[in-house]
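Geometric and topological summary
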Amino acid sequence: MVNTVRSASGARLAADSSFADETTSIDIGSSDNTTNDYDDVVSTMSFGSVKPRPATRRTERPIRELTLPGHVGLASLPEQFMKSVNRNGFVFNLLCVGETGLGKSTLVDCLFNTGYEYQPRMHHSSAVKLEANTYDLCESNVHLKLTVVSTIGYGDQVNREDNFRPIVEYIEAQFKAHAREESGDSRLRAVGAYHDARVHACLYFLCPTGHGLKSIDIACMKVLGTKCNVIPIIAKADTIAKKELQEFKNRILRDIEANELKMYQFPTDDESVAGINALMNMHQPFAIIASRDFVRVGNRRVRGREYPWGVVQMENEQHCDFVKLREMLVRTNMNDLCETTHTRHYSLYKQERYYRLVKVTIRNFYSRSLR
Ligand SMILES: Nc1nc2c(ncn2[C@@H]2O[C@H](COP(=O)(O)OP(=O)(O)O)[C@@H](O)[C@H]2O)c(=O)[nH]1
Ligand SMILES: [Mg+2]
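On a predicted model such as this, the values are computed, not experimentally measured, just so you know.

So, the overall build of the chain
Helix and strand content of the chain: 10 helices and 11 strands. Going through the 371 residues of the chain one by one, you find that 25% of them count as buried. By sequence separation, contacts in the chain at least 24 residues apart represent 68% of the contacts at least 6 residues apart.

Side note on the site of ligand 1
With respect to spatial proximity, 14 residues lie near ligand 1, and among them Gly103, Lys104, Ser105, Thr106 and Ala290 are the closest. Split by residue class, the shell around ligand 1 holds 4 nonpolar, 6 polar and 4 charged.

A look at the pairing of strand 10 (residues 300–307)
Here is the key point about a regular strand: its side chains alternate between the two faces of the sheet. Relative to strand 10, strand 9 (residues 294–297) is paired through 4 bridges, and the arrangement is antiparallel. When the sheet's bridge partners are listed, valine 297 is paired in strand 10 with arginine 300. Joining the antiparallel neighbours strand 9 and strand 10 is a turn of 2 residues, in which glycine 298 adopts a positive phi near 65°. Remark: 2 residues form the turn of the hairpin made by strand 10 and strand 11 (residues 310–313), two consecutive strands paired antiparallel.

Re helix 4 (residues 104–111)
Counting buried positions over the 8 residues of helix 4 gives 6, a clear majority of the element. Of the surrounding secondary structure, the elements contacted by the buried residues of helix 4 are strand 3 (90–97), strand 5 (142–152), strand 6 (201–206), strand 10 and helix 9 (322–332). Within two residues after helix 4, asparagine 113 carries a phi angle of roughly 55°, on the positive side.

So, the environment of glutamine 265
If you trace the backbone, glutamine 265 turns up in the loop between helix 7 (242–258) and helix 8 (271–283). For the pair glutamine 265 and asparagine 229, spaced 36 residues apart in sequence, the C-alpha to C-alpha distance is 8.6 Å.

Examining the sheet that holds strand 6
Strand order across the open sheet formed by 6 strands is 4-5-3-6-7-8, with mixed pairing between neighbours. Looking at which strands have only one partner, the edges of the open sheet turn out to be strand 4 (129–139) and strand 8 (286–287). In this structure, strand 7 (residues 230–234) lies alongside strand 8, joined through 2 bridges in parallel fashion. Counted as the bridge partner of isoleucine 233 is phenylalanine 286 from strand 8. Contacts from helix 5 (residues 165–183) reach strand 3, strand 4 and strand 5, with the element oriented near 50° to strand 4.

A word on the nonpolar core
The tendency in soluble globular proteins is for nonpolar side chains to be buried as a group. If you look at the biggest cluster of nonpolar residues, it comprises 55 residues, and the most contacted ones within it are Cys202, Tyr204, Ile233 and Ile288. No other element matches strand 6, which puts 6 residues into this core. Those residues in contact with cysteine 202 that sit more than four places away from it in its chain are Leu95, Val97, Leu224, Cys228, Asn229, Val230 and Ile231.

With respect to the sheet that holds strand 11
The strand order across the open sheet built from 3 strands is 9-10-11, with neighbouring strands paired in antiparallel fashion. With one partner strand each, in any of the chains shown, strand 9 and strand 11 form the two edges of the open sheet. Direction aside, the axes of adjacent strands within the sheet are offset by 70° on average. Pairing between strand 10 and strand 11: 4 bridges, direction antiparallel. Pairing of glutamate 306 across the sheet is with valine 311, part of strand 11.

Things to note about unusual backbone geometry
Following glutamine 284, the chain continues to proline 285 via a peptide bond in cis, the omega torsion being -5°. Mapped onto the elements, proline 285 comes out in the loop between helix 8 and strand 8. Even without being glycine, asparagine 141 reaches a positive phi, approximately 70°. In this structure, asparagine 141 sits in the loop between strand 4 and strand 5. Although it is not a glycine, lysine 236 adopts a positive phi angle of roughly 45°. Take lysine 236: it is sitting in the loop between strand 7 and helix 7.

Observations concerning the confidence of the model for the chain
Here the chain averages 81 in pLDDT, and 80% of its residues register 70 or above. Note that residues 1–50 has pLDDT below 50 and, in this model, 42 contacts with residues that lie over four places away or in other chains.

Examining the packing of helix 5 against helix 10 (residues 334–370)
Close contact between helix 5 and helix 10 brings their axes to 10 Å; oriented N to C, the two are set at 80°. Judged by the angle between their axes, helix 5 and helix 10 are roughly perpendicular. Contacts between helix 5 and helix 10 involve Glu172, Phe175, His178 and Ala179 from the former and Tyr346, Tyr349 and Lys350 from the latter. Split into classes, the residues belonging to the contact of helix 5 with helix 10 amount to 4 nonpolar, 1 polar and 2 charged.

Here's the deal with the packing of helix 8 against helix 9
Where helix 8 meets helix 9, the closest approach of the two axes is 11 Å, and the angle between their N-to-C directions is 135°. In terms of orientation, helix 8 lies oblique with respect to helix 9. Between helix 8 and helix 9 lies a crossing whose hand is left-handed. Residue-level contacts link Val273, Ile276, Asn277, Met280 and His283 of helix 8 to Lys324, Met328 and Thr332 of helix 9. Looking at side-chain class alone, the contact of helix 8 with helix 9 contains 4 nonpolar, 3 polar and 1 charged residues.

Cut-offs used in this document
- Residues numbered from 1 in each chain as written.
- Chains lettered and ligands numbered in written order.
- Predicted model: local features only at pLDDT ≥ 70, side-chain atom pairs only at ≥ 80, totals over all residues.
- Helix = DSSP H or I, 4+ residues; strand = E, 2+ residues; numbered from the N terminus.
- Buried ≥ 20, exposed ≤ 12 C-beta atoms within 10 Å, placed from the backbone.
- Contact = placed C-beta atoms within 7 Å.
- Near = placed C-beta within 6 Å.
- Nonpolar A, V, L, I, M, F, W, Y, C, P; charged D, E, K, R; others polar.
- Pairing = 2+ DSSP bridges.
- Axes fitted to C-alpha atoms, helices over the stretch in contact; angles between N-to-C directions.
- Core = buried A, V, L, I, M, F, W, Y, C linked by C-beta atoms within 7 Å.
- pLDDT = per-residue confidence, 0-100.
- Parallel < 35°, antiparallel > 145°, perpendicular 65-115°, else oblique.
- Left-handed = near helix turned anticlockwise from the far one by under 90°.

This is the structure:
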């Protein structure tokens, strides 16, 4: 005798025209024994004819709209949310990758209008080291915990093949710490001591060679592109002539495409910023000039670099793309960078970790059963 069990939801689905032929039926196997004893049923169960389920079994019903007869206070929800976010503050973690002396520290100073303690680095490091500094910034009562991670000694060795490894290890270590916090193994968040240190954006500084990407850039950007949001920028762009700059940008883009490097694209799915983001995507990679000094131009003091033949102004869009970079990184897309880190790169990390775990478990299982 075959008992066919139809689930309550299956019966409901049968009434729904879209799922009419998708009813779930489970054969509980041939058994004349009608006992309810759990062990007996389990021992004779066969799930032979379980039909594949539709991707989603929930019928889409329109959400009912109610008109509230009086004031409830729903309108204050965004305000409550803002208060809570403001109390905890925002977090942004920026990784600067590039050869020593390309202007990483100077640019970060200019981006966030700060004057961090400045310590020029020598070119004698035997290995790449990552240095993270966290700063509390406050503007109009909005608090931002900014962490700047810089690569010390990147590109300074004769053999640079493994220069990207410490960077990848750092990024993965932050993912691992976040996974531990999420899983409840670590309870720092509960006591307010957790700091999300996942890398939200990576500014990759390219040497202004005028020739295209170096092999160290290709090797590093290939790996970093799968781990975080990489934004390549041309450093010290005041050393490239105006006519040569566009050709240099084209060469870089050709190298990026030929080597299938992934770089962050400013999102174009939000109507309010789609236009500006699409335009800025076409300007990438941004050509940057940075300076800690202020120079007098007319009756204004501007950030710039003074040369015997004139002054280059950082915030003049005719001179460089610094304003575009700041607009895209800080004003328009900081939140998207954080979200993309969580939804794409961190998810990918968790997926890979899960597959690795499954592989190890299967390998251990077979090696044990062969013994
Ligand atoms: N010509 C030029 N020099 C720059 C630029 N940005 C920074 N510098 C200079 O390059 C030197 C190294 O800068 P630093 O920020 O310490 O580089 P880092 O080692 O990459 O952090 C300093 O003397 C800066 O003034 C730039 O855009 N153009
Ligand atoms: Mg530096």
